[in-house]
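Structural overview
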Amino acid sequence: KSGLYYWDVEDLINNTWQNRTQREQFYVLSRGFTSTFDLNTRLWSPVEGTWVRTSTGFYKSAGIPDYYASAMQQEYFEKNYVYEVKLKRKYSIYPSFIVINGSPDPLMSNGMWLYGHVLEFTNSGEWRFSRIVGGTVEEMASGTSPYIEPYSWNTWTIWTDHPDIYVWVNGVFLVKVTETDPN
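Let me begin by describing the structure that accompanies this report.

Section: the overall build of the chain
For the chain, the count of helices and strands is 0 helices and 16 strands. Residues classed as buried in the chain amount to 31% of the 183 residues present. Taking the intrachain contacts of the chain between residues at least 6 apart in sequence as the baseline, contacts between residues at least 24 apart amount to 39%. With the model as given, the accessible surface of the chain reaches about 12,200 Å², and the carbon-plus-sulfur share is 49%.

Listed below in structure tokens is the structure:
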């Protein structure tokens, strides 16, 4: 549950608890979420485009030509969290995008979010990690990876450990970027 918590740590030596640390407090702002789309999409909201849950448990959009289609699940995480998404890029024309730490209000004229960190990838193995602030895109890292499976499912793991952000694709470490100006 959300709230304020405390913890301390002790060593168990010869069946005796010893060396208790000083009590520390921490906050849980969100209990996290898992969306498998096999039952519903009630926590997800379309931002742009038409999104549907299929009978096979996928949440997808046909897209919008020359425009970004997006959906969001809103949770509040202050810092230091892991976000993992499994998605499939069906077509090769445009990249797929994952936005974290973002806000879609307002959108840019092409439907892209005005603020956030954006991970994009293509079926040719190219990827890019950027930051968008007020519509200005700043590339933080990019490259190619043989571990991006073209036209197949790819699992992306993003761990924020403020000010660092770590990215994996299909369990293989890809990049570490550091926020030099987190505003």
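Now, onward.
Examining the nonpolar core
Within the largest apolar cluster, 24 residues are counted, with the highest numbers of intra-cluster contacts made by Tyr83, Ile98, Trp127, Trp156, Ile158 and Val167. Secondary-structure elements contributing two or more residues to this core are β9 (81-88), β10 (96-107), β11 (113-121), β12 (126-133), β14 (153-161), β15 (164-169) and β16 (172-178). It is β9 that contributes the most residues to this core, 4 residues altogether. Once you skip the residues sitting within four places of it in the chain, Ile98 turns out to touch Tyr83, Val85, Leu87, His117, Val118, Leu119, Trp156 and Ile158. Core analysis: the second largest hydrophobic core is formed by 5 residues, Met108, Met112, Leu114 and Ile132 among them.

A few points about the pattern of salt bridges
In the structure shown here, the tally under the stated rule is 8 salt bridges. Among the ionic pairs, Glu10 bridges to Arg20, the shortest N-O distance being 3.6 Å. Of the two residues, Glu10 is situated in the loop between β1 (3-7) and β2 (11-13) and Arg20 in the loop between β3 (16-18) and β4 (24-28); the sequence distance between them amounts to 10 residues. Residue class for Glu10 comes out partly exposed when judged on its relative accessible area of 27%. Residue classification places Arg20 among the exposed residues on the basis of a relative accessible area of 55%. Taking the shortest distance from any N to any O, the salt bridge between Glu139 and Arg128 comes out at 3.8 Å. Of this pair, Glu139 sits in strand β13 (residues 136-144) while Arg128 is found in strand β12, placing the two residues 11 residues apart along the sequence.

Cut-offs applied
- Residues numbered from 1 in each chain as written.
- Predicted model: local features only at pLDDT ≥ 70, side-chain atom pairs only at ≥ 80, totals over all residues.
- Heavy atoms only, no water.
- Helix = DSSP H or I, 4+ residues; strand = E, 2+ residues; numbered from the N terminus.
- Buried < 20%, exposed > 50% of the residue type's maximum accessible area, 1.4 Å probe, protein only.
- Contact = heavy atoms within 4.5 Å.
- Areas by Shrake-Rupley, 256 points an atom, 1.4 Å probe, with all protein chains shown as cover.
- Core = buried A, V, L, I, M, F, W, Y, C linked by side-chain atoms within 4.5 Å.
- Salt bridge = Lys/Arg side-chain N within 4 Å of Asp/Glu carboxyl O.

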